[in-house]
Each structure stands twice: as structure tokens, then as C-alpha cells.
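# Fold and contact review
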Amino acid sequence: MDNTIQKGADYQYKSGMTRRDSLKWLSVLSASALVPSLAACGSPKDQTKAIAGHWPDLKLDKIQAKGYGKDPELVNADRMAWPRTLTPAQLTLVAVLSDIIVPRDGAVPSASEVSVPDVVDEWVSAPYDRQQRDRLDILSTLAWIDTEAETRVSKKFA
Amino acid sequence: MKDFDVLVVGSGAGGAMAAYTLTKAGHKVLMLEAGRDYDPTTETPMFNTGADAPLMGAGTVDKDFGFYDATVDGGWTVPGEPYTTGENSEFLWWRARMLGGRTNHWGRFSLRFSEHDFKGKTRDGLGADWPFEYADIAPWYDKTEDLVGVCGTNTGLDDMPDSAEGVLQPPPKARVPELLVSAAAKKLGIATAPMHRAVLTRPKDDRQACFYATPCGRGCSIGAAFQTTTSLIPMARATGKLEIITNAMVSSVDADENGKVNAVTYIDKETQQAVTLSARVVVLAASACESARILLNSKSEKFPMGLANSSGQVGKNIMDSTGASLGAQIPLLEGRPRYNEDGHTANHLFIPWWGHAQHARGELDFPRGYHFEIGSGFRAPGSGAPGNLQGYGKEIADQAKRQYGAYVGLALRGEMLPNAQSYMEIDEKVQDKWGIPVAKFHWAWSKHELKQVEHGLKTAKKILETMGAKFTDPLPSAETAIAKGGQIIHEVGSTRMGASATDSVTNQYGQTWDCDNLFVMDGGVFASNPHKNCTLTIMTLVMRNASWLASQLDKGAL
């Protein structure tokens, strides 16, 4: 847990997404109901009552975006073919967790320093079956960890 | 072009070789390709990393073999162009809708068939013999290997006929894990050999030699890895005698009352209009199952079962290769010194079929052979975490580094025999978006293939255990381990050649028995499907048969 402490209480992961990409999707996101809502699994307060082994029962909206299709541009690939769906809080939690698994080691950068949270965001936001299955697992894990932390120490994990 | 001599359907291994051979012989060719134009020199993501690709390049339904795979508008599914399967049948049909077809991304494995392969029925009574001898085709293998550019060596092994002196280019050096496989296999009396691949290790024509850095499946902008779009098609175009129409989806071939083919109808995908072109001679090279589909859809009063189908064999006898694999982490290879072992992407060494003598002595309970392709080496990481990693921080990083490049996989590719349950027909209830009735596949493996896979899994386990691998789980059954029909993408036989019009669709030159100016020049004509990957033999047969066709045109025989 050292890494979490080192990052400080106000640590927030900064996405590698460029400002242009952010603007590109701002309108899409505000015009649709793509922002995932964790409210569907009940407020954190409700969950603190649950036993520690409780696994959240998330009801996620199906990702409606289109994939990159059967003939995408390969040489200059569009990494933003679908909008990202993780909230800043979820991205930060992913960053903290991935840096616990792969912290900086001397000159070798940590997971978050090489934008692993952005890759996870791209992955869980993708409209393909495999990624949507992973999305449920990953978002459930993130929700569970925060709930578990609240149960044990009365605050969120990150 | 109105005055072409031959209309060729398809631009892959068969169609491009037909166009090359015919134009070089002085004949004018019009080629129809169902997909879009494609230029590897500008479209190949040679040096892009996984990090440049969506999802780190992972495969999706849009790009089944990964984002960078050089398959355009295709894969296991083509939007608007479905295929169906019969009850209890699973079959996968890989298609590419692009100039050059599947040659843009194929594995480039280029192993010759032998006399043993061509005469299996004579030996064991199963399947069908080919209507020629190995000696008839050996010089054409030499010419094809020389034109295509194949690296490898003459081994003298009974399963690997020699090429003529000077034909093969030098193979790359074996990788360290392959040498370990070689040592283990040798202990079991099994030889390894350099894989023959259609990859240049020396420059040829306008094409550069491989620089051993980028995956061939993306295509090759420098032309080292053979694909028709950097070789046969530009060479045929340079003669001034080839015209190509892309986005032309052929629906039928028309014939007159006397059985003479006189026209081809295609859907122009841009205008969605049907276009009919008169033709003197037609060569179908649309891929084995697409050519059979065209023939079966070419019904008329005179040909109610479809064109060239008086034998009833069109769509029958479909054979894929068998596929199964077994791999393991090899402790001996862990933590070994790092060096660049990218090589030409695929295995530098493989395990050719070693069982000819055992077969002759009656020691095996399956009739036909297989080979192993070796997967190993330090490879660029993909989207998945390799190995079995546990823990956090430095502990897990050290594990990942130690395990890197220490996994060895053996992939079996074996010969399948034709059977009455494995065939295609037309699904009269389903049309594609162009209004063309679709193919319906039926599939079943027989005991021959299952026994072969069982033997292969046991052998692979022995080799890996000899290398130090430990297996805790029992081997899977052959039924669960065997790949699905079509999944190895070696489907052939749907318009097989033979010695008689009663049990085959074409003669040895790919000329249909029923229509003397209609030829099939793709994998459909295979009489059997030896374990050795079909493309080199498709190209070799086409070079021979298109040369024969050119001589018939010269004589005025057609």
C-alpha cells in the first residue's frame, strides 16, 4: 500500500488523452447517456452494510459506439474510434492499482507513467463482446474495492 | 478492354499466377476482383507498435487476427455476405475482399507435395489420387519457387522432395528454442528441418530481402514476404496485357446450348448493378469455396445442377488441414540471455512428417501424416499478459522477465481425407446483400483425423517433456483439441481434378470436363489435401495449367 500513500490523498490520474481528443468526445458524451453510472449498484452507503464478500451487481448500459470496422486505416490508426467511459475517480483507482502491480523500478517507469489507465479505459469502453465482458469484471472490481475499503476503514481505496 | 482472351476471376494465389502466366505468354487478360484495390507499399503498418493500435492490436470481430492483419473487409465474417451451416456442422470460412486476396496475409509456408502425397489412394485405398505424377510437376515447382522466392534447404528427408540446385534461397538461422526442440525431437528419432517460406532472404526483381523485424501477417511493403500485390500483379500489369476491375463480385458464369462458356455476370459493388461481359475463356480462381459457389449458382436448363457439375462433385470433397496445438513453459529457456530473434516471423525450424516408414510397417492407426510448426522466441508483446504471473511489484516484474521467451508451442497441421459429411451446397433461402445465394457448409471430422490428432498431441507432449516441461493436466481429447472445419484456412477440393469425368470436375489442367473453355485454377482442384499448406501447390498447378491453356490458345484449340 506504500504506493497509495506516496501518491497522497489528493492524487488524481491525468489521462494521456489529448485536449483535442477530449473535445472531440465531449459533445458525444454530453449528447448521449454513455457516462457509466455506478449509482445502479446502489450508493456506497448502502453497500457498506453488505458483507465484505459482497460482489456488486452492476447494471451497465450496453456500449453503443461503433467499432473501427472491417477496413480501418492501419498506418495512422485512430486510437479514439470510440468514446472513453471511465470517470476520473475510476481512472485514478485504476492508476493506483496498476502502480501497486507495476511500480516504478529505477529507470523503468510505472504502469501509470506509461498510460496503462488510458489503455484500460480504451479497453472497457470498446464496443466488442470480449471487452464488454471485461468491462463488467473490471468495473465490478473497482466498485468492490471501494466498498470493501469503506467497510474496513470508512474511506475509499483511492 | 473488350478484346481480352481470358477472363480471370480472382487475384489471389491462383488468379494472379494465371494472369501472370497468360500475359507473359502474350495473351490479354481481364481480371475481376470482388474486393477493393490494395497497395501494400503504402498501406502496410510495417513498424507500428502494438501501442499505436486500438486495444494494443488485440483481435476483434472487425479484425479477427489482430488490428494490423492485412485482411481488408473480410475475416471469419464479411458484412452482408453471410454463409450458413447445416445442422450439427461447424465450419469457418475466411475471406478477404481485396486485391491479392489472402496472399496479403498468408503464413507463406511453402512445402512441396511429393509422389507419396499425390498417390495416397494407391497406397491406402482412401480419398483420391491426383491425375499426374510428381515427376510431371517437379519442374513447375522449381519454376514457381524461383519466381515466388522461397527460402529453405534441400534436406533429403522422405517427406520433403528436393528443389533443383540453386532454386531455394538460404534460410535464416534457427532460434535457440528451436534448437532445443530439435535436440529433444532427435532423442525421439524425429528430425527437424528449416521451414520453407515464401520470404526473400536475398533480393529478387524489384523486391527487397527480409530485414527480420516486422510481422509478415501485416503484409510486406518491401515485397520480401510474397504477396501477389507486390509481385505477380505488377509484373503482369507491366506487360500491358492485364486489366483489372475491382469491386466486381461475380455471381455466375453463363454457357450456351453446346456447353461453351460465353459470359460472366458480376455485381459492380459501387453501382450495385449487374454487369454481363462476354468471354471466350473463363478461369475461376475466386478461392475453392467461392468458385464452387459460382458454379453451383450458374444453373441453366442445360446445367440444372450448376455449371460443370455433371459429376455431382462440385462442392463435395472439401478438406481443410487438421489443427491442434500443445505448448509449455520450458524452465531451461528461462532467464536466457536476450538477443534479437525476430527472424522472418514464423518458425525457422519445423518438424516434417517422419512417419512414412511407420506407416509402411502398419504401426500407425491413422492413414495420413502431419507436421509440427514451432512457436517460440522473444516476441513483441501483444495485448495479453503471458505466462502465469503472481504477485506485485518487483516480484511480478522479475517473473515476467524470467519467463519471457521461454514458452514453446507445437502446432499440428495434418492431412484430412475427404468424407461424405464435409461439403458445401447453395442455401436457397439465404442471399447475400448482392442478391447472390450463399454457401451452406456441412462438416464432420472422421476417425482418421481424430486418431491423427490424438497421436500428434501425445507426440508433442513427449517432445515438450523431453525439453523439461511438466504437465499436470491430462491431454485434451482429440474431439476437443481439433480445430473447427475451415479454421486452418486450407479448405480445398470443392472442384477436384481427376482422371475421369464421372468422379471429378476438371482434368489435370483444371479444364472442366463439361465446358472446355472453363477452367478452375484455385485450391478447389486439389484431389487430396496433404499436410503441407496449399498455396505453393496452388501457384505451381496454376503456372503449369495456365501455360497449358496458353498453348491451347496458341493452337487455336479453344
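Computed from a predicted structure; not experimentally measured.

### So, the overall build of chain B
Helix and strand counts for chain B stand at 13 helices and 16 strands. Its C-alpha atoms give chain B a radius of gyration of 23 Å, near enough to 24 Å, the size a compact globule of 558 residues would have. With the principal axes as the frame, chain B shows a C-alpha extent of 75 × 55 × 50 Å. By residue count, 61% of the 558 residues in chain B fall in the buried class. Counted over contacts in chain B with a minimum sequence separation of 6, partners at least 24 positions apart contribute 72%.

### Quick word on helix H6 (residues 176–187) of chain B
All names here are of chain B. Between its first and last C-alpha atoms H6 spans 17 Å; for 12 residues at 1.5 Å apiece the expected length is 16 Å, and the two agree. Within H6 the residues assigned to the buried category are Pro-177, Glu-178, Val-181, Ser-182, Ala-184 and Ala-185. Tucked into the core, H6 has its buried residues touching strand S11 (349–351), strand S12 (370–375), strand S13 (407–414) and helix H11 (447–466). Count one or two residues on from H6 and you reach Gly-189, which has phi positive near 80°.

### A look at the interface of chain A and chain B
At the interface, 24 residues of chain A touch 33 residues of chain B. Of all residues in chain A, Tyr68(A), Lys70(A) and Leu74(A) give up the largest surface area on contact with chain B, accounting jointly for 35% of the area buried on that side. At the junction of chain A with chain B, the criterion picks out 2 salt bridges. Here Arg36(B) ties to Asp71(A) by a salt bridge, and the two come within 2.7 Å at their closest N and O atoms. Listing elements by their share of the side of chain A that touches chain B, those giving two or more residues are helix H4 (88–101), helix H5 (116–124) and helix H6 (129–153) of chain A. The element contributing the most residues to the side of chain A that touches chain B is H5(A), with 3 residues. Within the side of chain A that touches chain B, the residues separate by chemical class into 13 nonpolar, 3 polar and 8 charged.

### Things to note about a nonpolar patch on the surface
Together, Ile101(A), Val102(A) and Tyr392(B) make up a nonpolar patch on the protein surface, roughly 280 Å² of accessible area in all. Tracing the backbone shows Val102(A) in the loop between H4 and H5.

Reading guide: rules and limits
Residues numbered from 1 in each chain as written. Chains lettered and ligands numbered in written order. Predicted model: local features only at pLDDT ≥ 70, side-chain atom pairs only at ≥ 80, totals over all residues. Heavy atoms only, no water. Helix = DSSP H or I, 4+ residues; strand = E, 2+ residues; numbered from the N terminus. Rg over C-alpha atoms; globule rule 2.2 N^0.38 Å. Buried < 20%, exposed > 50% of the residue type's maximum accessible area, 1.4 Å probe, protein only. Contact = heavy atoms within 4.5 Å. Expected span 1.5 Å × (residues − 1). Buried area = accessible area lost by both parts, 1.4 Å probe. Salt bridge = Lys/Arg side-chain N within 4 Å of Asp/Glu carboxyl O. Nonpolar A, V, L, I, M, F, W, Y, C, P; charged D, E, K, R; others polar. Patch = residues over 30% accessible without salt bridge, like charges linked within 9 Å, V, L, I, M, F, W, Y side chains within 5 Å. Areas by Shrake-Rupley, 256 points an atom, 1.4 Å probe, with all protein chains shown as cover.

Note that all results are geometric; they support no functional claim without further evidence.
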